[in-house]
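A look at the structure
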Amino acid sequence: KNEVEQSPQNLTAQEGEFITINCSYSVGISALHWLQQHPGGGIVSLFMLSSGKKKHGRLIATINIQEKHSSLHITASHPRDSAVYICAAENTGNQFYFGTGTSLTVIP
Amino acid sequence: NAGVTQTPKFQVLKTGQSMTLQCAQDMNHEYMSWYRQDPGMGLRLIHYSVGAGITDQGEVPNGYNVSRSTTEDFPLRLLSAAPSQTSVYFCASSPHGFVNTIYFGEGSWLTVV
């Protein structure tokens, strides 16, 4: 049983489309993290949130603590957004549980 | 601004060989950890440390050893490499004790033949 489930596993979008990636978790958390991994590259943190909503440029992350669900939205998607997006739940002991990632391809 | 530095980036080992993956961070973070990433699976925790002199096992510790003699460094040792250890390894760090951003190294691609 995976503590963190992401959907979809793979996503292809046309440039300009609005994209949503979903994350459900079963553990108690102190924070929910969204990470981005480019092919052959490292992993960078996009968001860390414990309630409500955060926005950075065209990226928006939301979390519903009661439903144990988070979403990552990308508005006006661009080919440079193509990457793997990983959801991670951090518990109160600073332990992380990672989803398997959503591979996003944005076609020009 | 180095962040988390991992070396080597690529390595090919023969079965039975030993090696050390180096990880260093310059952010004075207490918490450091090693993960492996395999196709179709999420990142899995190998070992972690909450401060110098303190280490503990994660989800998949067998075949790996760690030490934390300083706050900055957290090397991962493969004692006798096996093909099952072919993977991408990531070192990460973050401040401990409160919620904060996690920082990853660039990854180390290891192939055991």
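Think of each chain on its own: its residues are numbered from 1, step by step along the sequence as written. All chains are assigned letters beginning at A, and all ligands numbers beginning at 1, according to the order in which they are written. Predicted model: local features are reported for residues with pLDDT of at least 70 only, side-chain atom pairs are reported and counted for 80 or more only, and whole-chain, interface and lining totals are derived from all residues. The side-chain figures draw on all heavy atoms in the structure; neither hydrogens nor water molecules are used.

So, about the overall build of chain B. The numbering of helices and of strands both runs from the N terminus, where a helix is a DSSP run of H or I of at least 4 residues and a strand a run of E of at least 2. Along its length, chain B carries zero helices and 11 strands. Each helix and strand of chain B, placed in order from N terminus to C terminus, yields the pattern β-β-β-β-β-β-β-β-β-β-β. For the radius of gyration, the atom set is restricted to C-alpha positions; the globular benchmark scales as 2.2 Å times the number of residues to the power 0.38. In terms of overall size, chain B behaves like a compact globule, its C-alpha atoms giving a radius of gyration of 13 Å where 113 residues would be expected to give roughly 13 Å. Computed by Shrake-Rupley with a 1.4 Å probe, the accessible areas treat only the displayed protein chains as cover when residues are assessed. As presented, chain B carries roughly 5,200 Å² of accessible surface, and 51% of it is formed by carbon and sulfur atoms.

All right, on to the state of the cysteines then. As used here, a disulfide is simply a covalent bond connecting the sulfur atoms of two cysteines. Residue and element names in this part refer to chain A. Criterion for a disulfide: a pair of cysteine sulfur atoms at a distance within 2.5 Å. Per the stated rule, a full pass over the model turns up two disulfides over all chains. Each disulfide pairs two cysteine sulfurs, and for Cys23 the partner residue is Cys87, the sulfurs being separated by 1.8 Å. When the S-S torsion is -60°, as for the bridge of Cys23 with Cys87, the disulfide is left-handed. Highlighted residues: Cys23 in strand 3 (residues 19–25) and Cys87 in strand 9 (residues 83–90), separated in sequence by 64 residues. In this structure, Cys23 and Cys87 share a single accessibility class: buried. Burial here depends on accessible area, computed with a 1.4 Å probe over protein chains only, as a share of the maximum for the residue type. Under 20% is buried, over 50% is exposed, and the range in between is partly exposed.

Turning our attention to the environment of Thr92 of chain A. Take Thr92 of chain A: it is sitting in the loop between strand 9 and strand 10 (96–98). Thr92 of chain A sits 63 residues away from Ile29 of chain A along the chain, and the two C-alpha atoms are 6.2 Å apart.

Before going further, it helps to examine the sheet that holds strand 8 (residues 76–78) of chain B. Residues and elements named next belong to chain B. Whether two strands pair comes down to DSSP finding at least two bridges between them. Reading across from one edge, 1-3-8-7 is the order of the four strands in this open sheet, with antiparallel pairing throughout. A single partner strand is all that each edge strand has here, and the edge strands are strand 1 (4–7) and strand 7 (64–66). Sheet twist, expressed as the average angle between the axes of neighbouring strands with direction ignored, equals 20°. In this structure, strand 1 lies alongside strand 3 (residues 19–25), joined through four bridges in antiparallel fashion. Looking across to strand 3, one finds that Thr5 is bridged to Ala24. Here an axis means a line fitted to C-alpha atoms, over the contact stretch when the element is a helix, while the angle between two N-to-C directions is reported on a 0 to 180 degree scale.

With that out of the way, let us pick up the interface of chain B and chain A. Contacts are assigned to residue pairs that have any heavy atoms within 4.5 Å of one another. With 22 residues of chain B in contact, the opposing surface of chain A contributes 20 residues. Using a 1.4 Å probe, buried area is obtained as the accessible area two parts lose upon being combined, added over both of them. Summing both partners gives a buried area of about 1,600 Å² for chain B against chain A, and 61% of it is carried by carbon and sulfur. The term salt bridge refers to a pairing of a side-chain nitrogen on Lys or Arg with a carboxyl oxygen on Asp or Glu at a separation within 4 Å. Counting across the chain B and chain A interface gives zero salt bridges. Distance and chemistry together define a polar contact, namely a pair of N or O atoms within 3.5 Å, with one atom able to donate a hydrogen and the other to accept it when in protein, and with adjacent residues in sequence counting only for side-chain atoms on both sides. Applying the counting criterion to the chain B and chain A interface returns one residue pair in polar contact (both at pLDDT 80 or more). Contributing elements (two or more residues each) for the side of chain B that touches chain A: strand 4 (31–37) and strand 5 (44–51) of chain B. The element best represented in the side of chain B that touches chain A is strand 4 of chain B, accounting for three residues. Residues are grouped as follows: Ala, Val, Leu, Ile, Met, Phe, Trp, Tyr, Cys and Pro are nonpolar; Asp, Glu, Lys and Arg are charged; all remaining types, including Gly, are polar. A class-by-class count of the residues in the side of chain B that touches chain A yields 12 nonpolar, eight polar and two charged.

Any pair of Phe, Tyr and Trp rings, taking the six-membered ring for Trp, is counted once the centres come within 6.5 Å. Such a pair is stacked with planes under 30 degrees apart, edge-to-face with planes over 60 apart, and tilted for the rest. The full count for this structure, using the stated rule, is eight aromatic pairs over all chains. Ring geometry for Phe96 of chain A and Phe98 of chain A: centres 6.0 Å apart, planes at 20°, overall stacked. Both residues of the pair, Phe96 of chain A and Phe98 of chain A, belong to the buried class. Plain terms: the ring middles of Phe98 of chain A and Phe104 of chain B are 6.4 Å apart, the flat faces sit at 65° to each other, and that makes the pair edge-to-face. Placement of the pair is Phe98 of chain A in strand 10 and Phe104 of chain B in strand 10 (residues 103–104), with the two residues belonging to separate chains. Here Phe98 of chain A matches Phe104 of chain B in class, with each residue buried. Grouping aromatic residues by their ring pairs yields a cluster made of Phe96 and Phe98 of chain A together with Tyr35, Phe90 and Phe104 of chain B.

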